[in-house]
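Structural description and commentary
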Amino acid sequence: MQEAGEFTMKMHPMWQGPLVAPGGNRQSPIDIRVRKSVFDPHLMPLIPEYDPRTCSQVWNNGYSFLVEYNDTTDKSTLKGGPLEDVFRLCQFHFHWGESNAWGSEHTVDRRLFPAELHMVHWNSNKYKLFEEAVMEENGLAVIGVFLKIGKRHEGLQKLVDVLPAVRHKDSVVEFTRFDPACLLPANIDDYWTYAGSLTTPPLTEAVTWIIMKQPIEVSHEQLAVFRSLLFTSAEEEVQKSMVNNFRVQQPLKGRTVRSSFT
Ligand SMILES: COc1cccc(CN2CCc3cc(OS(N)(=O)=O)c(OC)cc3C2)c1
Ligand SMILES: [Zn+2]
């Protein structure tokens, strides 16, 4: 397994941007040093409650593919864990590499995974819209789940099957009745949590990160379909494979990573 920093690779321009947002003291992603994380006995179990009927579409936004949820009501929410409010699911997406040796944004004691799932939620107790919450320090909660190569993930296959329909940037396809809970690992009680930021523009320091200790397994073939997507729109002359769509690790700057387990 490669370690972060041991390789160089061509990166999509947007990830060659500011390594640290100007003045950023809580940027993401980070390396999670297990032995430096602090067990917090007050961390509660996470309570994800998702209604598959709020799933609406899959969209290639030129950085990743986003599975979007109707977030006009509290039908699909996350609460508990380190959270004091109710957070509404708005989308999930992934980050991955050109090879199985790297691709995740977070690492665990420098261990890289081939890909990472992010489930993005916003604080609907305090804000009316995602656009508002994305600018506030308690505005967002993102669940991170590491992907490792193994057996085929039957729940993920329904999503993999529609990806060819969103091969190009700005393409959209209707996608309904998908329960994102099927992408969570069996054990969601063991996680790390820390205060961080979005890892793509607007890079705002609005995120309570909740990183699952247990990865999920997907097949090599399923990840290969992720890599068949393109950063570029159908009109562009030069087509660029959508790979290595992850941000480089950011300085911890004295932050504490808490764990829900010993
Ligand atoms: C709906 O209101 C919006 C306001 C600003 C930006 C956006 C779009 N953005 C939201 C945050 C986000 C966050 C993303 O990644 S991440 N790793 O969660 O920071 C992301 O990865 C492809 C895409 C997006 C899409 C929506
Ligand atoms: Zn992400």
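This section reports on the structure supplied with the text. (Residues numbered from 1 in each chain as written. Chains lettered and ligands numbered in written order. Predicted model: local features only at pLDDT ≥ 70, side-chain atom pairs only at ≥ 80, totals over all residues. Heavy atoms only, no water.)

Bringing the side chain of Asp31 into the picture now. Secondary-structure assignment places Asp31 in strand β1 (residues 31-32). Taking relative accessible area as the criterion, Asp31 reaches 12% and is therefore assigned buried. Polar contacts involving the side chain of Asp31 include one to the side chain of Arg33, which spans 3.0 Å. A polar atom in the side chain of Asp31 sits 2.7 Å from the backbone nitrogen of Arg110. With residues near it in sequence (within four places) discarded, Asp31 still touches Thr107, Val108, Asp109, Arg110 and Gln249. (Helix = DSSP H or I, 4+ residues; strand = E, 2+ residues; numbered from the N terminus. Buried < 20%, exposed > 50% of the residue type's maximum accessible area, 1.4 Å probe, protein only. Polar contact = N/O pair within 3.5 Å; in protein donor to acceptor, adjacent residues only side chain to side chain. Contact = heavy atoms within 4.5 Å.)

Below, the discussion takes up the coordination of the zinc ion (ligand 2). The protein atoms donating to the zinc ion (ligand 2) are His93 (NE2), His95 (NE2) and His118 (ND1), with metal-donor distances spanning 2.0 to 2.1 Å. Around the zinc ion (ligand 2) sit four donor atoms; with metal-centred angles ranging over 100 to 119°, the donor geometry is tetrahedral. Counting along the primary sequence, the residues that act as donors to the zinc ion (ligand 2) give the motif H-x1-H-x22-H. Taken as a pair, His93 in strand β7 (residues 87-96) and His118 in strand β9 (residues 115-123) lie far apart in primary sequence, 25 residues in all. As far as the burial class goes, His93 and His118 line up, both buried. (Donors = N, O, S within 2.8 Å, 3.2 Å for Na, K, Ca; no water. Tetrahedral: all angles 85-135°; square planar, octahedral: opposite > 155°, others 65-115°.)

Coordinates in, geometry out; function isn't part of it.
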